[in-house]
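Single-letter residue listing:
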Amino acid sequence: MDGNGAGTGGLLTIGAFARACRLSPKALRLYDDLGLLTPARVDPYNGYRRYAPAQLERAHLVAWLRRLGMPLARIREVCELAPGPAAEAVAAYWAKAEADTAARRDLAAFLVDQLKRKDDTVMTASGTPVPRVPAPLTMRCAAGTDRGLIRPANQDAAYAGPRLLAVADGYGQLGGPAAAAAIEEFKPLEDAGPASGDLLAVLEEAARRANRAAPTADAATGCTLTALLRSGSRLGLLHVGDSRAYVLRDSGLFRITHDHSVVQSLIDEGRLTPEEAPAHPDRALLLRALDGGPEFTPDLQLLEARPGERYLLCTDGLSGVVAPEAIRDTLTAATDPEDAVRSLLALAHDAGAPDNVGCAVGEMEVARAA
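Just so you know, these numbers come straight off a predicted model, no measurement behind them. (Residues numbered from 1 in each chain as written. Predicted model: local features only at pLDDT ≥ 70, side-chain atom pairs only at ≥ 80, totals over all residues. Heavy atoms only, no water.)

With respect to the packing of aromatic side chains
Point 1. Evaluation of the coordinates by the stated rule reveals 1 aromatic pair.
Point 2. A ring pair is formed by Phe17 and Tyr51, whose centres lie 4.3 Å apart and whose planes are at 10 degrees; its orientation type is stacked. In this pair, Phe17 is assigned in helix α1 (residues 14–21) and Tyr51 in strand β3 (residues 49–51), connecting sequence segments 34 residues apart.
Point 3. Judged by its relative accessible area of 0%, Phe17 falls in the buried class. (Phe/Tyr/Trp six-rings, centres within 6.5 Å; stacked < 30°, edge-to-face > 60°. Helix = DSSP H or I, 4+ residues; strand = E, 2+ residues; numbered from the N terminus. Buried < 20%, exposed > 50% of the residue type's maximum accessible area, 1.4 Å probe, protein only.)

Some thoughts on the pattern of salt bridges
Point 1. Summed over the entire model, instances satisfying the criterion amount to 18 salt bridges.
Point 2. Close ionic contact of Arg140 with Glu363 constitutes a salt bridge, the shortest N to O distance being 3.1 Å. Pair noted here: Arg140 is in strand β6 (residues 137–146) and Glu363 is in strand β16 (residues 357–366), with a separation of 223 residues, a long-range link.
Point 3. Among the ionic pairs, Arg209 bridges to Glu185, the shortest N-O distance being 3.4 Å. One end of the pair, Arg209, is in helix α8 (residues 199–213); the other, Glu185, is in helix α6 (residues 175–186), and 24 residues separate them in sequence.
Point 4. We classify Arg209 as partly exposed; its relative accessible area is 29%.
Point 5. A residue is classified by how much of its surface remains accessible, and Glu185, at 24% relative accessible area, is partly exposed.
Point 6. Among the ionic contacts, a cluster of salt bridges with common partners joins Arg140, Arg310, Glu363 and Glu365. (Salt bridge = Lys/Arg side-chain N within 4 Å of Asp/Glu carboxyl O.)

Some points on unusual backbone geometry
Point 1. Although it is not a glycine, Arg22 sits at a positive phi angle of roughly 65 degrees.
Point 2. Tracing the sequence through the fold places Arg22 in the loop between α1 and α2 (25–33).
Point 3. You can call Arg22 exposed: its relative accessible area is 76%.

Section: the packing of α1 against helix α3 (residues 56–67)
Point 1. One can describe the packing of α1 onto α3 by two numbers: an axis separation of 10 Å at closest approach and a directional angle of 60 degrees. Classified by the angle their axes make, α1 and α3 are oblique. Pair α1 / α3 crosses with right-handed handedness. Touching Phe17, Ala20 and Cys21 of α1 are Leu56, Ala59 and His60, all from α3.
Point 2. Grouping the amino acids of the contact of α1 with α3 by side-chain chemistry returns 5 nonpolar, 1 polar and no charged. (Axes fitted to C-alpha atoms, helices over the stretch in contact; angles between N-to-C directions. Parallel < 35°, antiparallel > 145°, perpendicular 65-115°, else oblique. Left-handed = near helix turned anticlockwise from the far one by under 90°. Contact = heavy atoms within 4.5 Å. Nonpolar A, V, L, I, M, F, W, Y, C, P; charged D, E, K, R; others polar.)

Now the structure itself:
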């Protein structure tokens, strides 16, 4: 072996190859395990890996793609392509990455705006802070569900009232009753009138009742649940599963929930892209749901509403087949919540409606003086 780590036949040791391609031996072992960069030879006795100099080009490509943030599964696909198609694949990936960056930028803007809204003071012309008095709000609303074009029964449930929006997506043999029972547990909140500081506690307790009410005869039965409860200009949001909540503001449409699903966890880990998610075999598997079990951890957040905003709660029968841009345009163009619900259900039908569809829309407006 020479001083550069070359051995029999000009093969490089893993250490020499790592130095040449600027990848660590640990990374090389991982890429070997994943089939991304298989050594030219593995000693059958001691397991030592040796690489051919010709493999440096692929190693550099893998390293560059990782620096781009490309998931390992996608890198494997790109590495198997001819140079022309590989270039197209990298260009397509980067276009999506730029779009994702723009979406995160918009989300950051939403969070900044939301945090500023929680500041209960405003500055006078003289620079003196005074308590902010929010305009009294009310909420116009509408809700609807549709069986879709393929499913034999409708297992989605939705509700809309001046203070409460809620959607639930049932699954399993008793999914329909599970979703309906969950919504029923939330309807009394319409008249309960909790103070804004109690919104999250009230929502969580209602969700726990709904979880206990879930049918337990079928272990594979349950439902998702997303609910929005208003007290004045404050909104409490509760979320379990992969139904979603969006808000339409002047700056755009923002998703304000995070899916509790297997595919979303794979996306978060960089092992799956959003484009791959709809075709993933485990796309229907949930990490959290209302299923009557003892483990129950809903997401809870408090929002500050403004006049003119529209809030959408929907099941994945809509969000799974209709692009966010189409949802945004439809919500923007709708004359009122009833028109928005009708148009969104029609969008799902236009996209093939392979699943049940449920949605609830609320529009914030200044309350009229009595």
